[in-house]
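Reading the structure
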Amino acid sequence: MSSLTTSKAWIALQSHYHQSQNDSLREAFKRDTNRFNKFSVSFNDILFDYSKNRITDQTLPLLIDLANHVKIKKKIEAMFSGEKINTTEHRAVLHTALRNRSNHPVYVDGHDVMPEINRVLAKMRTFCASVRSGEWKGYTGKAITDIVNIGIGGSGLGPKMVSTALAPYSSETLKVHYVS
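Throughout, a residue's number is its position along its own chain's written sequence, starting from 1. Local features in this predicted model are restricted to residues of pLDDT 70 or higher, and side-chain atom pairs are both shown and tallied only at a pLDDT of 80 or more, whereas totals for entire chains, interfaces and linings draw on every residue. Only heavy atoms go into the side-chain values, all of them from the structure, while hydrogens and water stay out.

**Notes on the overall build of the protein**
In this description a helix means any DSSP run of H or I spanning at least four residues, a strand means any run of E spanning at least two, and both kinds are numbered starting from the N terminus. When helices and strands are counted, the protein shows eight helices and six strands. It is over C-alpha atoms that the radius of gyration is taken, and the globule rule equals 2.2 Å times the number of residues to the power 0.38. Expected size for 180 residues packed as a compact globule is a radius of gyration near 16 Å; at 23 Å, the protein overshoots this value by more than 25%. Partly exposed residues are those whose accessible area sits between 20% and 50% of the maximum for their type, while under 20% is buried and over 50% is exposed, using a 1.4 Å probe and protein chains only. In the protein, which comprises 180 residues, the share counted as buried stands at 22%. When checking whether two residues touch, look at their non-hydrogen atoms; a contact exists if any pair is within 4.5 Å. Considering only residue pairs separated by 6 or more positions, the protein has 41% of its internal contacts joining residues 24 or more positions apart. For the protein, the exposed area adds up to about 14000 Å²; of that, 60% sits on carbon and sulfur atoms. Here the accessible surface of atoms and residues is derived via Shrake-Rupley with a 1.4 Å probe, and residues count as covered only by protein chains that are part of the display.

Shown next, in the form of structure tokens:
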């Protein structure tokens, strides 16, 4: 496999980008009254609208070519099967296992990690419920009112993004703070 940035797929996509970078979105919508329908998709009640990006009918096939060049399907399968794809830490990434509501086994080094993940998720559920209800007390013996998240990068931004997105479901008695 050639280097990503010297591959034909990358060069074609880069050329396409340079040809279309000055295109006006306003003009694109005028030229193609079906643009929104072509470049948006709904998943249940979630709308993913990418029509307001500088893309054309040629952009998606070029992106697919690039994905095929880097063997994205093989990499996705490796992630879902528990292979050690995190090259900096030489370990499996278990994001998919954490969201595995089907409970199909996920093997890492020949060991199904789902029982341990389910045990920890249940423990977290119990802990969160006891903090929200006020049953879990702070060091003063009073109910917890503030939560401080300390993190760097995704460890800081991820929880902040999730709590912002889920704000309508948050507790009115708990305040969340972030330190990065």
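Moving on from the coordinates now.
**Digging into the pairing of strand β2 (residues 46-49)**
When strand β1 (residues 40-43) meets β2, the two strands line up antiparallel, connected through four bridges. Within the sheet, the bridge partner assigned to S40 lies in β2 and is D49. Between the antiparallel neighbours β1 and β2 lie two residues, among them N44 with a positive phi of about 55 degrees. In this scheme, strands are said to pair when DSSP sees at least two bridges between them.

**Comments concerning helix α1 (residues 8-20)**
Taking 1.5 Å per residue as the helical rise, α1 with its 13 residues ought to reach 18 Å, and the 18 Å between its terminal C-alpha atoms agrees with that figure. Taken together, the buried positions of α1 are A9, L13, H16 and S20. The buried side chains of α1 occupy one side of the element, clustering within an arc of 60 degrees when seen end-on. In α1, the exposed positions angled more than 90 degrees off the buried face are occupied by K8 and Q19. The secondary structure elements touched by the buried residues of α1 are α4 (59-69). Working rule for helices: expected span equals 1.5 Å times residues minus one. The arc in question is formed by the directions pointing from the helix axis toward the C-beta atoms.

**Structural notes on the environment of S130**
Here S130 lies in helix α7 (residues 114-133). Only 2.8 Å separates the side chain of S130 from the backbone oxygen of F127, close enough to count as a polar contact. Whenever two N or O atoms come within 3.5 Å, that pair is a polar contact, provided that in protein one can donate a hydrogen and the other can accept it, and provided that, for residues adjacent in sequence, both atoms are side-chain atoms.

**What about a nonpolar patch on the surface?**
The residues that make up patches have over 30% relative accessible area and no salt bridge, and they are joined within 9 Å when like-charged or within 5 Å when they are Val, Leu, Ile, Met, Phe, Trp or Tyr. Here, a salt bridge means any side-chain nitrogen of Lys or Arg that lies within 4 Å of a carboxyl oxygen of Asp or Glu. A cluster of nonpolar side chains, namely V41, F43, I46 and F48, defines an oily patch on the protein surface of about 400 Å² accessible area. Of all the secondary-structure elements, those providing two or more residues to the nonpolar patch are β1 and β2. Note on placement: V41 falls in strand β1.

**A few points about the nonpolar core**
To form a nonpolar core, buried Ala, Val, Leu, Ile, Met, Phe, Trp, Tyr and Cys residues must be joined to one another through side-chain atoms within 4.5 Å. Core analysis: the largest hydrophobic core is formed by eight residues, namely A92, A97, V106, V108, V113, M114, I117 and L121. When residues of this core are assigned to their parent elements, the largest contribution, three residues, is made by α7. Leaving out residues up to four positions away in the same chain, V108 has contacts with G82, A92, L94 and V113.

**Comments concerning the side chain of H16**
Within the element layout of this structure, H16 appears in helix α1. Given a relative accessible area of 10%, H16 falls into the buried group. Within polar-contact distance, the side chain of H16 engages the side chain of T56 at 3.5 Å. Dropping the residues within four chain positions of it, H16 is found in contact with T56, Q58, T59 and L62.

**Structural notes on the packing of aromatic side chains**
Aromatic rings from Phe, Tyr and Trp, taking only the six-membered ring of Trp, are treated as a pair when their centres fall within 6.5 Å; an angle between ring planes under 30 degrees marks them as stacked, one over 60 as edge-to-face, and anything in between as tilted. The tally for this structure, following the rule as stated, stands at three aromatic pairs. Plain terms: the ring middles of F48 and Y50 are 5.2 Å apart, the flat faces sit at 35 degrees to each other, and that makes the pair tilted. Consider the rings of F127 and W136, whose centres lie 4.8 Å apart with planes at 85 degrees: the pair is edge-to-face. Taking relative accessible area as the criterion, W136 reaches 42% and is therefore assigned partly exposed. Counting every residue linked through ring pairs, the aromatic cluster contains F39, F48 and Y50. By definition here, charges over rings are those cases where NZ of Lys or CZ of Arg is within 6 Å of the ring centre and within 35 degrees of the ring normal. Over the ring of F29 we find R35, and its NZ or CZ is 5.5 Å from the ring centre.

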